[in-house]
Amino acid sequence: KLSIATVSSLTGASLRMLDYWARTKLLRPSGHDANGKGSRRQYTFQDVVAILAICKLRERNCPLQKIRITVRYLKENYPHA
């Protein structure tokens, strides 16, 4: 499981964006979601792949609805190893 700081470094997504995506349920961490003050989000390799996909799609101005569909597809078709 990876910390939000590590995932940010690996993907280039800011801590703020990762937090926003988790709160809006675009991509909630599979490892462990924050559930109160002081708790930490933990991401899996699958989450990192999805975050990289989100970043690339955002760079290409892809609509949010299509990004959500893509994330759902990745989660359903590439489950945890």
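In what follows, the structure referred to is the one given above.
Here is a short report on the structure shown in this document. (Residues numbered from 1 in each chain as written. Predicted model: local features only at pLDDT ≥ 70, side-chain atom pairs only at ≥ 80, totals over all residues. Heavy atoms only, no water.)

## Observations regarding the overall build of the protein chain
Helix and strand content of the protein chain: four helices and two strands. Overall, the protein chain shows an N-to-C arrangement of helices and strands of β-α-α-β-α-α. Looking at the protein chain residue by residue over its 81 residues, the buried ones come to 31%. Within the protein chain, counting contacts between residues at least 6 apart in sequence, those at least 24 apart form 53% of the total. Total accessible area on the protein chain is roughly 5,500 Å²; 54% of this is exposed by carbon and sulfur atoms. (Helix = DSSP H or I, 4+ residues; strand = E, 2+ residues; numbered from the N terminus. Buried < 20%, exposed > 50% of the residue type's maximum accessible area, 1.4 Å probe, protein only. Contact = heavy atoms within 4.5 Å. Areas by Shrake-Rupley, 256 points an atom, 1.4 Å probe, with all protein chains shown as cover.)

## Remarks on unusual backbone geometry
Its identity is not glycine, yet lysine 25 carries a phi of approximately 65°, on the positive side. The topology assignment puts lysine 25 in the loop between helix H2 (15–23) and strand S2 (42–43). At asparagine 61, a position not held by glycine, the phi torsion is positive, near 55°. Mapped onto the elements, asparagine 61 comes out in the loop between helix H3 (45–59) and helix H4 (64–77). The class of asparagine 61 is exposed, set by a relative accessible area of 68%.

## Examining H4
The end-to-end C-alpha separation of H4 is 20 Å, in line with the 20 Å expected for 14 residues at 1.5 Å each. Listing the buried residues of H4 in full gives Ile67, Val71 and Leu74. Taken end-on, H4 shows its buried residues confined to a sector of 65°, consistent with a single buried face. Along H4, exposed side chains directed more than 90 degrees from the buried face belong to Lys66 and Glu76. Buried positions along H4 lie against H3. (Expected span 1.5 Å × (residues − 1). Arc of directions from axis to C-beta.)

## Focus: H3
Given 3.6 residues per turn, any residue in an α-helix points the same way as the ones three and four places further on. Spanning 15 residues, H3 covers 21 Å between terminal C-alpha atoms, matching the ideal 21 Å at 1.5 Å per step. Residues of H3 that are buried: Gln46, Asp47, Val48, Ala50, Ile51, Ile54 and Cys55. In the core, the buried residues of H3 are packed alongside strand S1 (2–3), helix H1 (4–11), H2, S2 and H4.

## What to know about the packing of H1 against H3
Packed helix pairs are characterised by how far apart their axes lie and by the angle those axes make with each other. Following both chains from N to C, one finds H1 and H3 inclined at 45°, their axes separated by 10 Å at the closest point. Classified by the angle between their axes, H1 and H3 sit oblique to one another. Every pair of crossing elements has a handedness; the one defined by H1 and H3 is right-handed. Across from Val7, Leu10 and Thr11 in H1, the residues of H3 making contact are Val48, Ile51, Leu52 and Cys55. (Axes fitted to C-alpha atoms, helices over the stretch in contact; angles between N-to-C directions. Parallel < 35°, antiparallel > 145°, perpendicular 65-115°, else oblique. Left-handed = near helix turned anticlockwise from the far one by under 90°.)

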